[in-house]
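Architecture at a glance
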Amino acid sequence: MRSLGTRRAALVAGAATVAVLALGGCSAGQVAETAMLDAPIAGVNTKSASGKVLIRNLQVEYNGVEGYHAKENAPLEVSLFNESNETITVTISSKAPDRPQVVGATQVGFVSTATVTTPGQVAASASASTGASAAPSASAAPTASVRPAQIKIGPQGSAVFRPTDSAQLQVIGLTDDLKPGMAVNLVFEFSDDPTPLEVQASIASPLTPAPRGSAETHGEAEGEGH
């Protein structure tokens, strides 16, 4: 049978253990919450002048160290959130920039690709099945269709666009080369607000470090030659 002193010591030790566990759990919760709040969000985050539409994670898809050449298209990534109780239409376009390291585009729109078969191909296939000769026809080629970037968002709704979508949201016809570290000039217009919002969307950071450039390697080779 335990003495009174032994039982008191055991109770004190147990209480101390519970206190340590409680503090540990509280600390862990604080760390997790802090980590979540401090987690970086890629891309540009802004909002309309009225504050009713939030723009989140706006950026151009990273496609390599060379970036995009003039007249090419570049996929966009962006999330739009309607914080109001009314339907709002968001229109995205581009305009000539007034600052260095920023380029424009001829338009912004949704680009989808479909393969089109010409009547000549159908005739050639039918003739081949009957054994008759047929004139050669051009092979099927994918054709791109473009829709204007007009996005209708319902009350308290959202719209999320990713480069992996079947119909990509793209800047079309870049006016100049767009390389990592540069941005494209975009204009957001909102049906509830007459004030347009001009935003510069940069190229996203690569998920893995980019390889060392050929220029740097060439310089090292010249140095070794001396």
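Structure shown above.
The rules we used
- Residues numbered from 1 in each chain as written.
- Predicted model: local features only at pLDDT ≥ 70, side-chain atom pairs only at ≥ 80, totals over all residues.
- Heavy atoms only, no water.
- Salt bridge = Lys/Arg side-chain N within 4 Å of Asp/Glu carboxyl O.
- Helix = DSSP H or I, 4+ residues; strand = E, 2+ residues; numbered from the N terminus.
- Buried < 20%, exposed > 50% of the residue type's maximum accessible area, 1.4 Å probe, protein only.
- Phe/Tyr/Trp six-rings, centres within 6.5 Å; stacked < 30°, edge-to-face > 60°.
- Pairing = 2+ DSSP bridges.
- Contact = heavy atoms within 4.5 Å.

**Observations concerning the pattern of salt bridges**
This structure, assessed with the given rule, holds three salt bridges. Between Arg162 and Glu77 there is a salt bridge, and its shortest N-O distance comes to 3.6 Å. Taken as a pair, Arg162 in the loop between strand E9 (158-161) and strand E10 (168-174) and Glu77 in strand E3 (residues 74-82) lie far apart in primary sequence, 85 residues in all. Take Glu77: its relative accessible area is 17%, and that puts it in the buried class. Across the salt bridge formed by Lys95 and Glu198, the nearest N and O atoms sit 3.6 Å from each other. Residue Lys95 is located in the loop between strand E4 (88-94) and strand E5 (102-103), and its partner Glu198 is located in strand E12 (residues 193-202); the two are separated by 103 residues in the primary sequence. Judged by its relative accessible area of 41%, Lys95 is partly exposed.

**Focus: the packing of aromatic side chains**
With the rule as written, the count across this model stands at one aromatic pair. Seen in terms of ring centroids, Phe110 and Phe161 are 5.3 Å apart; in terms of plane orientation they differ by 50°. Their pairing is tilted. Taken as a pair, Phe110 in strand E6 (residues 105-116) and Phe161 in strand E9 lie far apart in primary sequence, 51 residues in all.

**What to know about the pairing of E9**
Two faces, one strand: in a regular strand the side chains alternate between the faces of the sheet. Every second residue of E9 is oriented toward a common face, the buried set being Ala159 and Phe161 and the non-buried set Ser158 and Val160. Alignment of E3 against E9, held across four bridges, turns out to be antiparallel. The residue bridging Val78 from the neighbouring strand is Phe161, located in E9.

**Comments concerning unusual backbone geometry**
Backbone geometry at Lys71 places phi at a positive 75°, although glycine is not the residue there. Structurally, the position occupied by Lys71 is in the loop between strand E2 (53-60) and E3. Residue Gln156 is not a glycine yet carries a positive backbone phi of 55°. Within the secondary structure, Gln156 sits in the loop between strand E8 (150-153) and E9.

**Observations concerning the environment of Ser79**
Topologically, Ser79 is positioned in strand E3. In sequence terms Ser79 and Ala159 are 80 residues apart; their C-alpha atoms lie 5.8 Å from each other. In this structure Ser79 touches Leu54, Ile55, Arg56, Ala159, Val160 and Arg162, once residues within four positions along its chain are discounted.

**Looking at the environment of Leu186**
Examined against the element boundaries, Leu186 turns out to sit in strand E11 (residues 183-190). With relative accessibility at 0%, the residue Leu186 sits in the buried group. Linking Leu186 and Ala96, residues 90 residues apart in sequence, is a C-alpha distance of 9.1 Å. Among residues more than four places away in sequence, those in contact with Leu186 are Leu58, Leu76, Ser93, Ser94, Val108, Val171, Leu197, Glu198, Val199 and Ala201.

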